[in-house]
Amino acid sequence: YCFPGMCLRIPYGHDAFRERLYGYFPSEKSAIDRILADMEKCVAKFLLYNLRGRQEQLRPESDLRPLGRYLRDLGCSRELKGVLTATSPLYGIPPDECPLHTHFLVMDSFLNSSWRVDEYTTPLADAFAQSLCELGGELRCNTMVQRILCSGGQVDGVLADNGESISSRKVIFTGHPTQLLSLFQSGSFRPA
């Protein structure tokens, strides 16, 4: 995260994150400890997110507090609040409206994610293209798909705007969902 006068790289793992925050905010160690402890307790309550160990039931009355109010109640500095809310634009909810549990789930996911792409060395689009090709996929640029070909309830490939028919059992669509159905012949889906 880059702010005026400060750049902070977010490390992998809760312990490394705690130590990094201690280095930047040594006078706020108790608030940092409380935030990370609360995050751990909160995410443990989500059955489908945290599949380890015994699960507790989510208590919405404590987990629906807005993130902004939670950080103010802890007395966090403006700078620490800035670091802790830097991911808010990624999920589109301002800190004063974001339920605490939503932020904790996103933040925990980032901290536990060892497979993050380092945008400094590999842009995300390049990483995606490389992974797709390694898995046997073929990436086509500047080729418009006119139709997704199907038979017997399965995808057979695509018909490109240049008339080329490309066989494939799997097709990844990256357009707006409302455009997807227009690429199939009528009768390709069962009536809803």
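Our subject is the structure listed above.
Analysis parameters
- Residues numbered from 1 in each chain as written.
- Predicted model: local features only at pLDDT ≥ 70, side-chain atom pairs only at ≥ 80, totals over all residues.
- Heavy atoms only, no water.
- Helix = DSSP H or I, 4+ residues; strand = E, 2+ residues; numbered from the N terminus.
- Salt bridge = Lys/Arg side-chain N within 4 Å of Asp/Glu carboxyl O.
- Buried < 20%, exposed > 50% of the residue type's maximum accessible area, 1.4 Å probe, protein only.
- Disulfide = S-S within 2.5 Å.
- Phe/Tyr/Trp six-rings, centres within 6.5 Å; stacked < 30°, edge-to-face > 60°.
- Lys NZ or Arg CZ within 6 Å of the ring centre and 35° of its normal.

Peer 1: Provide a residue-level description of unusual backbone geometry, including the pertinent values.
Peer 2: For asparagine 142, which is not a glycine, the phi torsion comes out positive at approximately 55 degrees. Residue placement: asparagine 142 occurs in the loop between α8 (124-134) and β3 (145-151).

Peer 1: Any details on the pattern of salt bridges? Residues and values, ideally.
Peer 2: Going through the model one piece at a time under the given rule, you end up with seven salt bridges. Across the pair arginine 18 and aspartate 33 runs a salt bridge, and its minimum N-O distance is 2.9 Å. With arginine 18 in helix α1 (residues 14-24) and aspartate 33 in helix α2 (residues 29-44), the pair connects residues that are 15 residues apart, well separated along the chain. One salt bridge in this structure joins aspartate 96 and arginine 72, with 2.9 Å as the shortest N-O distance. Note that aspartate 96 is positioned in the loop between α6 (88-91) and α7 (100-111) and arginine 72 in helix α4 (residues 67-74), a separation of 24 residues in sequence. Judged by its relative accessible area of 48%, aspartate 96 is partly exposed. Take arginine 72: its relative accessible area is 45%, and that puts it in the partly exposed class. Each of Glu138, Arg140 and Glu164 takes part in a single network of salt bridges with overlapping partners.

Peer 1: Residues and numbers for the state of the cysteines, please.
Peer 2: Within this structure, the stated rule accounts for one disulfide. One disulfide bridge connects cysteine 2 with cysteine 7, the sulfur atoms lying 2.5 Å from each other. What sets the handedness of the cysteine 2 and cysteine 7 disulfide is the S-S torsion sign, and at about 115 degrees it is right-handed. We classify cysteine 7 as partly exposed; its relative accessible area is 47%.

Peer 1: Give a detailed account of the packing of aromatic side chains, specifying residues and quantitative values.
Peer 2: Going through the model one piece at a time under the given rule, you end up with two aromatic pairs. Aromatic side chains tyrosine 24 and phenylalanine 25 sit 6.4 Å apart centroid to centroid with 40 degrees between the ring planes, which places their arrangement in the tilted category. With a relative accessible area of 36%, tyrosine 24 lands in the partly exposed category. Centroid distance tyrosine 70 to phenylalanine 104: 5.8 Å. Interplanar angle 90 degrees. Geometry classified as edge-to-face. Of the two residues, tyrosine 70 sits in helix α4 while phenylalanine 104 sits in helix α7, which places them 34 residues apart along the sequence. Like tyrosine 70, the residue phenylalanine 104 is buried in the burial classification. Its guanidinium or amino end placed over the ring of tyrosine 22, lysine 29 lies 5.1 Å from that ring's centre, counting from NZ or CZ.

Everything listed here is a matter of coordinates, which is why it stays silent on function.
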